Amino acid sequence: MDSTFRRTPDIHLQDLIDGLSQGNRVFLSKAITLVESKRADDRKLSAELIDKITGTGNKSLRIGITGVPGVGKSTFIEAFGKMLTSKGKKVAVLSIDPSSNRTRGSILGDKTRMDELSRDPNAFIRPSASGSSLGGVASSTRETILICEAAGFEIIIVETVGVGQSETVVKDMVDYFLLLMLAGGGDELQGIKRGIMEMADHILINKSDGNNLEAAKKAKKEYANAVHLFPPNEADWTVPVGLCSAIEKTGIEESWSEIEKYETQTKSNGWFDENRKRQLIKWFHERLHARLEEDFYAQQNIKAEIKKREELISSQKLSVRKAVDELFSI
Ligand code: GDP
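Before going into details, it helps to say that this report is about the structure given with it. Please read all numbers here as calculations on a predicted model, not as lab measurements.

## Quick notes on the packing of helix 4 (residues 40-53) against helix 8 (residues 134-150)
Stage number 1. Where helix 4 contacts helix 8, the axes come no closer than 10 Å and their chain directions differ by 55°. Taken together, the axes of helix 4 and helix 8 lie oblique to each other. Classified by chirality, the crossing of helix 8 by helix 4 is left-handed. Packed against helix 4, whose contacting residues are Leu49, Ile50 and Ile53, the element helix 8 presents Glu143, Leu146, Ile147 and Ala150 at the interface.
Stage number 2. The residue makeup of the contact of helix 4 with helix 8, split by class, is six nonpolar, no polar and one charged.

Next comes the structure, spelled out in structure tokens:
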């Protein structure tokens, strides 16, 4: 059924849209597979789909979650997601993974880690799209967000898997950015760069349980002091520093209250909409740049022409500027 669907050239766009608006999971998965596809006919259809659903899911809240591997992201998302579905919310969990060569095995591993949530009828967990570039993965994740919203998901959680540049990428596609930390990480902030802390709308110290609780309380004070010194953010939001235990399920409700507070505040001061507008414009330019690059390198013989000029440039027989000009006038 699935492969027939994928290979039929005249998939009815309207069927997909109708299926999505009814919250049909089969159509939801098909639509996501479609936007992740690199086949030319799939691309055309997915562009039409995205165009049609743009603006249909504006009532959602997009939450980014980051933190070093092992901090407890999966465990936290499971507890947080279950808390939200128990309130009747529909929750989608997506992930951004900069290492594109992850095996399917580890993706399934993630699924089992969010075991309860993955069996919840009000939750949808989608493993990371694979792709050759972080930009490509980011773009299809953005489209996946729109698809989930069109299918009626109200809370979209985007998790970063691993560390690297994915934090910035996720920050650019969410309304709220939650950073999970551990107590006792020392001065180097456990590999979390200061820049990432500055991006956060919320810092939560996970594993605040058992013997770790005292250290967590101390860390909370330190992080609260550090946050105090950061430049004010555009949302005019005081970044909360909280404690939680994803395993004991403490601090989960409190973190949701903070998020609701943020949503109310930024919707009334205009930042929520402004941020989404800026994100769209940024996405547009990123996509435009990617397209220009793709089209340029897709020209016939361009690789050979570039190679030829590399030699001339390195032996200083040709200037860099002239070489570039020449490539644009071939
Ligand atoms: P991720 O790599 O950030 O997704 O982290 P995981 O959710 O896989 O958690 C890594 C390990 O930390 C697992 O063994 C979890 O059981 C454990 N863990 C996660 N949250 C907590 C917590 O709140 N308290 C304690 N004590 N352990 C936790």
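## Observations regarding the sheet that holds strand 3 (residues 123-125)
Stage number 1. Strand order in the open sheet made by the seven strands is 3-2-4-1-5-6-7, with parallel pairing throughout. At either margin of the open sheet sits one strand with a lone partner, and together these are strand 3 and strand 7 (241-243). Taken pair by pair, the neighbouring strands of this sheet meet at an average axis angle of 25°, ignoring direction.
Stage number 2. Direction of pairing for strand 2 (residues 91-96) relative to strand 4 (residues 155-160): parallel, over a ladder of six bridges. In the sheet register, Val91 faces strand 4, and the bridge partner there is Ile155.
Stage number 3. Running over the sheet, helix 12 (residues 252-269) touches strand 1 (61-66), strand 4, strand 5 (176-181) and strand 6 (202-205) and is turned about 130° from strand 1.

## Topic: the site of the ligand
Stage number 1. The ligand sits among 15 residues. The nearest are Lys73, Thr75, Arg113, Asp209 and Ala246.
Stage number 2. Here an oxygen atom of the ligand and a backbone polar atom of Gly72 are 3.0 Å apart.
Stage number 3. The backbone of Ala246 places a nitrogen or oxygen atom 2.8 Å from an oxygen atom of the ligand.
Stage number 4. Across the complex, the protein chains shield 71% of the 580 Å² of accessible surface that the ligand would expose by itself.
Stage number 5. Ranked by residue count, the leading element in the shell around the ligand is helix 5 (residues 73-86), at three residues.
Stage number 6. Taken together, the residues of the shell around the ligand break down into five nonpolar, six polar and four charged.

## Thoughts on the environment of Ile50
Stage number 1. Tracing the backbone through its elements, the reader meets Ile50 in helix 4.
Stage number 2. Look at Ile50 and you get buried, because its relative accessible area is 8%.
Stage number 3. Linking Ile50 and Thr144, residues 94 residues apart in sequence, is a C-alpha distance of 9.3 Å.
Stage number 4. Among residues more than four places away in sequence, those in contact with Ile50 are Val35, Glu143, Leu146 and Ile147.

## Considering helix 2 (residues 13-21)
Stage number 1. Every buried residue of helix 2 is listed here: Leu13, Leu16, Ile17, Gly19 and Leu20. Seen along its axis, helix 2 keeps its buried residues to an arc of 165°; they face one direction.
Stage number 2. Just past helix 2, the residue Gly23 takes up positive phi, approximately 75°.

## Let's talk about the pairing of strand 5
Remember that side chains alternate between the two faces of the sheet whenever the strand is regular.
Stage number 1. By the criterion of burial, strand 5 is predominantly enclosed, with six of the six residues buried.
Stage number 2. Burial along strand 5 is two-sided: Tyr176, Leu178 and Leu180 and Phe177, Leu179 and Met181, pointing in opposite directions, are all buried.
Stage number 3. Examined bridge by bridge, strand 1 and strand 5 share four bridges and lie parallel to one another. If you follow Thr66 over to strand 5, its bridge partner there is Leu179.
Stage number 4. Relative to strand 6, strand 5 is paired through four bridges, and the arrangement is parallel. Counterpart to Met181 in the pairing with strand 6 is Ile205.

## Focus on the packing of aromatic side chains
Stage number 1. What the rule picks out here adds up to seven aromatic pairs.
Stage number 2. When the centroid spacing of 6.2 Å and the interplanar angle of 70° are considered together, the rings of Phe80 and Trp256 count as edge-to-face. Here Trp256 lies in helix 12 and Phe80 lies in helix 5, a separation of 176 residues in the sequence.
Stage number 3. Phe80 gets classed as buried once you look at its relative accessible area, which sits at 0%.
Stage number 4. Relative to Tyr297, the ring of Phe296 has its centre 5.3 Å away and its plane inclined at 85°; by these criteria the two rings are edge-to-face.
Stage number 5. On the accessibility criterion, Phe296 (15% relative accessible area) is buried.
Stage number 6. In this structure Tyr297 comes out as partly exposed when scored by relative accessible area, which is 42%.
Stage number 7. Ring-pair connections join several aromatic residues into one group, and the members of that group are Phe76, Phe80 and Trp256.
Stage number 8. The cationic tip of Lys90 hangs over the ring face of Phe153; the distance from NZ or CZ to the ring centre is 4.5 Å.
Stage number 9. Residue placement shows Lys267 over the ring face of Phe272; its charged tip is 4.6 Å from the ring centre.

Procedures and definitions
Every residue gets a number counted from 1 within its own chain, in the order that chain's sequence is written. Per-residue local features of the predicted model are confined to residues with pLDDT of at least 70, and side-chain atom pairs are confined, for both listing and counting, to 80 or more; whole-chain, interface and lining totals are unaffected and use all residues. To get the side-chain values, all heavy atoms of the structure are used, and hydrogens and water are removed first. Lines are fitted to the C-alpha atoms to define the axes, a helix being fitted only along its stretch in contact, and any angle between axes, read from their N-to-C directions, falls within 0 to 180 degrees. For the purposes of this entry, the term helix denotes a DSSP run of H or I that reaches at least four residues, the term strand denotes a run of E that reaches at least two, and both are numbered from the N terminus. By the definition adopted for this analysis, an angle is roughly parallel if under 35 degrees, roughly antiparallel if over 145, roughly perpendicular if from 65 to 115, and oblique otherwise. Crossing chirality is assigned from the near helix's rotation relative to the far helix, an anticlockwise turn below a right angle marking it left-handed and a clockwise turn marking it right-handed. We call two residues in contact when some of their heavy atoms are within 4.5 Å. Residue polarity is assigned by list, with Asp, Glu, Lys and Arg as charged and Ala, Val, Leu, Ile, Met, Phe, Trp, Tyr, Cys and Pro as nonpolar; anything else, Gly included, falls into the polar class. Pairs of strands are assigned from DSSP output, requiring at least two bridges between the strands. Near residues are defined by distance, with any heavy atom within 4 Å of the molecule or strand qualifying the residue. Throughout this description, a polar contact denotes any pair of N or O atoms lying within 3.5 Å of each other; where both atoms belong to protein, one of them has to be capable of donating a hydrogen while the other can accept it, and for residues adjacent in sequence the pair is counted only when both atoms sit in side chains. Accessible areas in this description were obtained via Shrake-Rupley with a 1.4 Å probe; residue shielding takes into account the shown protein chains only. Note on exposure labels: buried denotes an accessible area under 20% of the residue type's maximum, exposed denotes more than 50%, and partly exposed covers the range between, all computed with a 1.4 Å probe on protein chains only. This arc corresponds to the set of directions leading from the helix axis out to the C-beta atoms. Stacked, edge-to-face and tilted are the three classes for Phe, Tyr and Trp ring pairs, Trp counted by its six-membered ring, which pair at centre distances within 6.5 Å; planes under 30 degrees apart are stacked, over 60 edge-to-face, the rest tilted. Our definition puts a charge over a ring when NZ of Lys or CZ of Arg is within 6 Å of the ring centre and also within 35 degrees of the ring normal.

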